[in-house]
Amino acid sequence: MYAPDRPPYLRYGALLAILVLATVGGAVIHPVVALAPVLCLGVVWVILKVPVKYPVLVVTWLVLAVDYVPERPQSGLWPSPLHPLGELLFAQLSYITKIGALRFPLVDVLILGLMGLAMYRRVTKSTIDPVPLPMPRPLIAVVALSLVAILWMEVRGIARGGDIKNSLWQWHQAAMMPFIVAMYHYAMRGPEDWPAFAKTIILAGITKSAVSTYFAMVVVHELGVEVEYTTSHSDSMTFVFALLVASMRFIEKPKSAHMLRGLAIIAFIGIGMIFNDRRLAYVSFAGCLLAAFLINPWTPLKRFLVRTLPFFAPFVVVYIAAGWSSGSSVFAPVQTIRSLIEGQGGEGNLDYRDIENLDMIATWAQFPILGTGYGHEFLEPIPLPDIAFVFPQYRFHPHNSLLGLFAFGGMLGYTGVWLYLAVTVYLVVRSYHRATESEYRAAALIIVGLVATYINQVFGDMGIISYICTFQISLAVAMTGKLAVHTGAWPMPHSRLLGPAPAAPAPPPGAITYPNEDDAKAPAARQS
């Protein structure tokens, strides 16, 4: 006689009771620790059932959307509802759990855990994840070289008597870049997964824009204070990414649907970017449009712009000249341009960043080839205002991280750390001109813009030690590899994706054949 299985009510009830008790117990230690039991259960479920792409999408959104606590979000005046998650992700676990040995953030655990899970599934031939498109070997080599160069700079700095405690946080996020690239590589089957990641970053940008708008229009208004920024410096890269998606999709395939969606994204993102008030965001987006214009072939839109823009040039010159010394809000873009040229100290004066840049160049001049190594402070031949009361380690972390690479790594270290950016642009531009789908061409232009934006963030706002910037440039590198192989911009490496070369059909029995001995036999593709 057949009897249906009874649902395991007792086991379910026991599991629920354990979770409730563990949550309450965790809350005694720290409010964020109360999430640990549910998170652990979720991790187990992910390991057993879910393709790695989906948890990677979730982690991407979390990193870009929650409060980025290392940069004092909302000018340190107001924690958003997402602040507890930001503290959980980016604060050292030793601070949260009170266990001194855990001197690393949860986001590192998630990166290495998801990468390790994907590699384990590949080794065990699991069918949960599809086989990803391989990456070009030169791109893999230069990404690995970046990590080797960083470790060399650390060894050199410590050998010269550097401070190892401070040195670890000079390169930590940059050293995680190869692991994040690997995580995205295994999470993405190929270019067909790009839209899912692009939408995730746009959603994160809209989230940050909403926080920025609420903070500026409600919180700041009630406090009656002036703030320098409304979310964080690194959010400029997320905002620019969303604007690039909105514009490049329309440029590559002009149609009403792309225009309407693009305008909606620009409206949602633009207001948050304006409130965040970072000059680098505008400069980066303008540079991205210029790069797209130069790379784009002579489409009807490009011809129209080339023929039309010269007529507006005199009006632009007059507008800039009239607004150069004006304080009117009508000429706000001109004031932004002027501040970029003259600095915040005004013409003839050096502001903090100018002095810091000169100090970095002086530090680099000590060891122009090898640099000082990590763990050393930059020199101050021109004294800077002392900001140690808010940032004690400020001489280990210059705002201009690009000059910091020259100072700490010299020409050798700088080249080793950043060579992957040059290879990324080379491969993605080749991919752009070989791609047949407008979605992939737009992705290539977005990636070029992301590289330019990342360089700007590193140059002006400590982008090299930002997880927000590192995640996005890592996604750009992984997508470049997929595009290059998919479009034929780089040959497909030998892999299981390649089947044997097609052979000529065998002649039927008794047939008379006349083989051509001059034809060389085509070798079959090897399978790994």
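Remember, predicted model here, so these are calculated numbers, not experimental data.

A. Region of the structure containing the side chain of His172. Its location among the elements puts His172 in helix H8 (residues 164-187). With a relative accessible area of 14%, His172 lands in the buried category. Looking at His172, its side chain comes within polar contact range of the side chain of Tyr467, at 3.0 Å.

B. Inspection of unusual backbone geometry at higher detail. Positive phi is not limited to glycine here, since Arg72 has a value of about 50 degrees. Within the secondary structure, Arg72 sits in the loop between helix H3 (53-65) and helix H4 (83-90). One non-glycine residue, Ser75, lies in the positive phi region at around 55 degrees. Relative to the elements of secondary structure, Ser75 occurs in the loop between H3 and H4. Taking the relative accessible area as the measure of exposure, Ser75 reaches 12% and is therefore buried.

C. Broad picture of the environment of Tyr214. As for its position among the elements, Tyr214 is in helix H9 (residues 194-223). Judged by its relative accessible area of 43%, Tyr214 falls in the partly exposed class. Excluding its chain neighbours within four sequence positions, the residues that come into contact with Tyr214 are Trp78 and Val219.

D. Up close: helix H18 (residues 467-487). A rise of 1.5 Å per residue sets the reference length of H18, with its 21 residues, at 30 Å; its end C-alpha atoms lie 30 Å apart and thus fit the reference within 8%. Burial analysis of H18 places 20 of its 21 residues in the buried class, which makes it a mostly covered element. The distance from a side-chain oxygen at the start of H18 to the backbone nitrogen of Ile468 is 3.2 Å, and the residue carrying that oxygen is Ser466. Two residues or fewer after H18 comes Gly488, characterised by a positive phi angle close to 85 degrees.

What counts as what
- Residues numbered from 1 in each chain as written.
- Predicted model: local features only at pLDDT ≥ 70, side-chain atom pairs only at ≥ 80, totals over all residues.
- Heavy atoms only, no water.
- Helix = DSSP H or I, 4+ residues; strand = E, 2+ residues; numbered from the N terminus.
- Buried < 20%, exposed > 50% of the residue type's maximum accessible area, 1.4 Å probe, protein only.
- Polar contact = N/O pair within 3.5 Å; in protein donor to acceptor, adjacent residues only side chain to side chain.
- Contact = heavy atoms within 4.5 Å.
- Expected span 1.5 Å × (residues − 1).

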